[in-house]
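Listed here are the chains, written in short residue letters.
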Amino acid sequence: MSHIHIPDGVLPLWLWASGWALALALVALASLAGRRHELRRRVPILAVISAIMLVAMSSEIVPIAYHMNLTVIAGILLGPALSIIAAFIVEVVLALLGHGGVTVLGLNTLIIAAEMILGWALFNAFSRLLARRAAGWAAGLATVLTLLTTTTLLVGIVALAQNPAATLRETGALDPSTLRFGNPFAEGAFRLGLLSPEEAPATGVPPISVSRFAAVVYSLGPIGWLIEALITAAIVGFVARVRPGLLWQNGPAAKMSFGRRPAGDEAARH
Amino acid sequence: MDLAAVDRSATQGRSWLHDAAPAAKLISLAAVLGAVLVSWNVLVLAGIALALAAAVVAARLPLRLAALLAGYPSVFALIFAFASGTGFVNSATIVAKAVTAALAAVLVVLTTPYPRIFSPLQRVTPTIVGDALLMTYRSAFLLLEKFAETLRAIRLRAGLRGRQVVRSGRAATLALGSVLLYSLDLAQRDYDVLRLRGYEGRLRVRRSATFSVPASVAAIVTSLALFSVALLWRVQWRSLNPWSWLVPLLGLVALLLAALLRWRTR
């Protein structure tokens, strides 16, 4: 349950619009951070790691509605700044292929980016605690903890969608005299609550049961976490054996740019 | 995910939808998404989905591929609908929303080559995002092919057959690991190519030389009509709900006409 598989038009406008705004702000910040370094080093590595995630996400394990993500490995290889951009790119391509909604693209970017950054941080922490020969274990542990955290984040988002006070904000504005969210569009289309089923009880749309959603997610999720952790551990173990420099010597993304210019690249105009 | 088939349909297909301008198709996608956002009527959503299916048939798109791509999110939507426990009709509505939105996206992606889809996005995103978007799609083709090849080679060498789950899983993991290393070499090669060509930001996508104005207008008008129907039913639901069956009926008629047209001009 790495990213939200909630269709368009289910979450309230204020929630997914906030997700979009926050995701775009983070992507812009990450892109600005990247400008200081070399673009032509970063674009190819960003593209191939995003493509690897797409390859993984395109294979679904149907009975438990789970697909591989490889977000932790991608996070380890890309580092935090590029992870945010990779998460956005992957979600854009998936949305175009009908996998994952367009409106929830912002929230999905945030969840995937959180997964990549948390995975990267936990892997580095566990690698320091355990010996480097236990890279597979470190990656496996990091994956399980990361997926547990992001699944909780997902449940939190669904719970937020239930908050009737919050749904008022999608059409309202803060009234400074009362410090409450009022509705400045008392008449017209906004009054009808077109975009929020919770505010239109006449249409008979009941709220989502968060406890039931959490029960299903937490009972199916661990199977997926275990599969993902095993595969991540095996791949990281394999990479640690054949190309350990990719995991610890700053990773390919870092080596390709951050701070120092790679040998042979004089950045001259051709 | 058969990206090669998606790309083949987008580049080699010949239909009025292929001729429409990419920007018009993106506007149409936005209008259909608006309809999906607004509507909580399962019959209205079913009608919109049928109208989109009619467009798939009329544009001679690969039916199996379109159905697979549009049906994929329904599995997840079904789980979400069950998990959220909102009752049968609302569960059906959630699945209908997922399929309708996916079908609209699939219509765009099956009729527009990916550089043409990404070029409008490239203009509004930071350089690194726009360029990486273009290169990601290209890399995904190569990596999917490489993954399939490596997996096949490992399975043949290990003599693996269908039911050896653990050994097959191990082989798939090994293949994925090899593809990961290959992808890093691919990134290095791409970097060499970019450096050789003097890339300093912003890959250029050649704009489409010709597109059909009537096709573009037709795509926009049709999608706006679908949006209007959803909006009308949402606003005037008290008086219109008893007539909701009309929408899927019209959609079905459109689908049958499209099928007839496709069969006759085969």
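Look up: the structure comes first, before these words.
Everything numeric in this text was worked out from a predicted model, so none of it was measured.

About the cut-offs
- Residues numbered from 1 in each chain as written.
- Chains lettered and ligands numbered in written order.
- Predicted model: local features only at pLDDT ≥ 70, side-chain atom pairs only at ≥ 80, totals over all residues.
- Heavy atoms only, no water.
- Salt bridge = Lys/Arg side-chain N within 4 Å of Asp/Glu carboxyl O.
- Helix = DSSP H or I, 4+ residues; strand = E, 2+ residues; numbered from the N terminus.
- Buried < 20%, exposed > 50% of the residue type's maximum accessible area, 1.4 Å probe, protein only.
- Contact = heavy atoms within 4.5 Å.
- Core = buried A, V, L, I, M, F, W, Y, C linked by side-chain atoms within 4.5 Å.
- Domains from an automatic or database assignment.
- Axes fitted to C-alpha atoms, helices over the stretch in contact; angles between N-to-C directions.
- Parallel < 35°, antiparallel > 145°, perpendicular 65-115°, else oblique.
- Left-handed = near helix turned anticlockwise from the far one by under 90°.
- Nonpolar A, V, L, I, M, F, W, Y, C, P; charged D, E, K, R; others polar.
- Expected span 1.5 Å × (residues − 1).
- Polar contact = N/O pair within 3.5 Å; in protein donor to acceptor, adjacent residues only side chain to side chain.
- Patch = residues over 30% accessible without salt bridge, like charges linked within 9 Å, V, L, I, M, F, W, Y side chains within 5 Å.
- Areas by Shrake-Rupley, 256 points an atom, 1.4 Å probe, with all protein chains shown as cover.
- Buried area = accessible area lost by both parts, 1.4 Å probe.
- Phe/Tyr/Trp six-rings, centres within 6.5 Å; stacked < 30°, edge-to-face > 60°.
- Lys NZ or Arg CZ within 6 Å of the ring centre and 35° of its normal.

### A word on the pattern of salt bridges
Considering all chains together, one arrives at 2 salt bridges over all chains under this definition. Residue Asp185 of chain B pairs with Arg243 of chain A through a salt bridge whose shortest N-O separation is 3.6 Å. One end of the pair, Asp185 of chain B, is in helix H9 (residues 165-196); the other, Arg243 of chain A, is in the loop between helix H7 (210-242) and helix H8 (245-248), on a second chain. For Asp185 of chain B, a relative accessible area of 35% puts it in the partly exposed group. For Arg243 of chain A, a relative accessible area of 31% corresponds to the partly exposed category. The partner of Asp190 of chain B in a salt bridge is Arg138 of chain B, and the shortest N-O contact between them spans 3.6 Å. Here Asp190 of chain B is found in helix H9, whereas its partner Arg138 of chain B is found in helix H8 (residues 127-158), with 52 residues between them in sequence. Since its relative accessible area comes to 7%, Asp190 of chain B is described here as buried.

### Topic: the environment of Ile112 of chain A
Residues and elements named next belong to chain A. Within the secondary structure, Ile112 sits in helix H4 (residues 105-129). On the accessibility criterion, Ile112 (0% relative accessible area) is buried. Distance in space between the C-alpha atoms of Ile112 and Thr71 is 7.1 Å, their sequence separation being 41 residues.

### Thoughts on the environment of Ile154 of chain B
Residue and element names in this part refer to chain B. Examined against the element boundaries, Ile154 turns out to sit in helix H8. Ile154 gets classed as buried once you look at its relative accessible area, which sits at 18%. When the C-alpha atoms of Ile154 and Ser168 are compared, they prove to be 9.3 Å apart, with 14 residues separating the residues in sequence. Sequence-distant contacts of Ile154, defined by excluding residues within four places in its chain, comprise Ala171, Leu174 and Ala175.

### Describing the nonpolar core
Within the largest apolar cluster, 122 residues are counted, with the highest numbers of intra-cluster contacts made by Leu46, Leu70 and Phe123 of chain A together with Phe118 of chain B. Sorting elements by how many residues they give to this core places helix H3 (residues 71-96) of chain A first, with 19 residues. Both domain 1 (3-116 + 213-264) and domain 2 (126-196) of chain B contribute no fewer than three residues apiece to this core. Judged by nonpolar contacts, the second largest core, of 27 residues, contains Val10, Leu107 and Ala214 of chain A together with Val95 of chain B.

### Observations concerning the packing of helix H5 (residues 63-84) of chain B against helix H6 (residues 88-111) of chain B
Residues and elements named next belong to chain B. In the contact formed by H5 and H6, the axes pass within 8 Å of each other and the chain directions differ by 155°. In this view, H5 runs roughly antiparallel relative to H6, as classed from their interaxial angle. Here H5 runs over H6; the crossing is right-handed. Note on element contacts: H6 touches H5 through Ser91, Ile94, Val95, Ala98, Val99, Ala102, Leu103, Val106 and Leu110, opposite Leu65, Ala66, Leu69, Ala70, Pro73, Ser74, Ala77, Leu78, Phe80, Ala81 and Ser84. Here the contact of H5 with H6 is built from residues that sort into 17 nonpolar, 3 polar and no charged.

### Thoughts on helix H10 (residues 213-235) of chain B
Residue and element names in this part refer to chain B. Between the first and last C-alpha of H10 there are 32 Å, a value that for 23 residues agrees with the 33 Å anticipated at 1.5 Å per step. Restricting attention to buried positions, one finds in H10 the residues Ala215, Ser216, Ala219, Ser223, Leu226, Ala230, Trp233 and Arg234. Among the structural elements, helix H2 (16-19), helix H3 (22-38), helix H4 (42-58), helix H11 (237-240) and helix H12 (246-264) are those in contact with the buried residues of H10. Between a side-chain oxygen at the N-terminus of H10 and the backbone nitrogen of Ala215 the separation is 3.1 Å; the capping residue is Ser212.

### What about a nonpolar patch on the surface?
All names here are of chain B. Taken together, the side chains of Leu43, Trp243, Trp245, Leu246, Leu249, Val253, Leu257, Leu260 and Trp263 define a hydrophobic patch exposed on the protein surface, amounting to about 900 Å² of accessible area. Here the nonpolar patch gets 6 residues from one element, more than from any other, and that element is H12. Structurally, Trp245 is set in the loop between H11 and H12. Among the residues examined, Trp245 registers a relative accessible area of 45% and is labelled partly exposed.

### A few points about the interface of chain B and chain A
With 76 residues of chain B in contact, the opposing surface of chain A contributes 85 residues. Buried surface at the junction of chain B and chain A, both sides included, amounts to about 6900 Å², of which 77% is carbon and sulfur. By the criterion of area lost to chain A, the three top residues of chain B are Phe76, Ile128 and Tyr191 of chain B, representing 10% of everything that side buries. Connecting chain B to chain A are 1 salt bridge. With 19 residues, the top contributor of residues to the side of chain B that touches chain A is H9 of chain B. For the side of chain B that touches chain A, the residue count by class is 54 nonpolar, 14 polar and 8 charged.

### Topic: the packing of H4 of chain B against H12 of chain B
All names here are of chain B. Look at H4 against H12: their axes get within 7 Å of each other, and the N-to-C directions meet at 10°. Considering their axes alone, H4 and H12 lie roughly parallel with respect to each other. Counting all contacts with H4, which are made through Leu43, Val44, Gly47, Leu50, Ala51, Ala53, Ala54, Val56, Val57 and Ala58, the residues of H12 involved are Val247, Pro248, Gly251, Leu252, Ala254, Leu255, Ala258, Ala259 and Arg262. Taken together, the residues that form the contact of H4 with H12 break down as 16 nonpolar, 2 polar and 1 charged.

### A word on the packing of aromatic side chains
Taken as a whole and assessed by the stated rule, the structure comprises 8 aromatic pairs over all chains. When the centroid spacing of 4.4 Å and the interplanar angle of 35° are considered together, the rings of Tyr114 of chain B and Tyr137 of chain B count as tilted. Placement of the pair is Tyr114 of chain B in helix H7 (residues 114-124) and Tyr137 of chain B in helix H8, with a sequence separation of 23 residues. Pair check on accessibility: Tyr114 of chain B and Tyr137 of chain B agree, each one buried. Members of the aromatic cluster, joined through ring pairs, are Tyr114, Phe118, Tyr137 and Phe141 of chain B. For Arg41 of chain A, the ring lying beneath its charged end belongs to Tyr191 of chain B, and the centroid distance is 3.3 Å.

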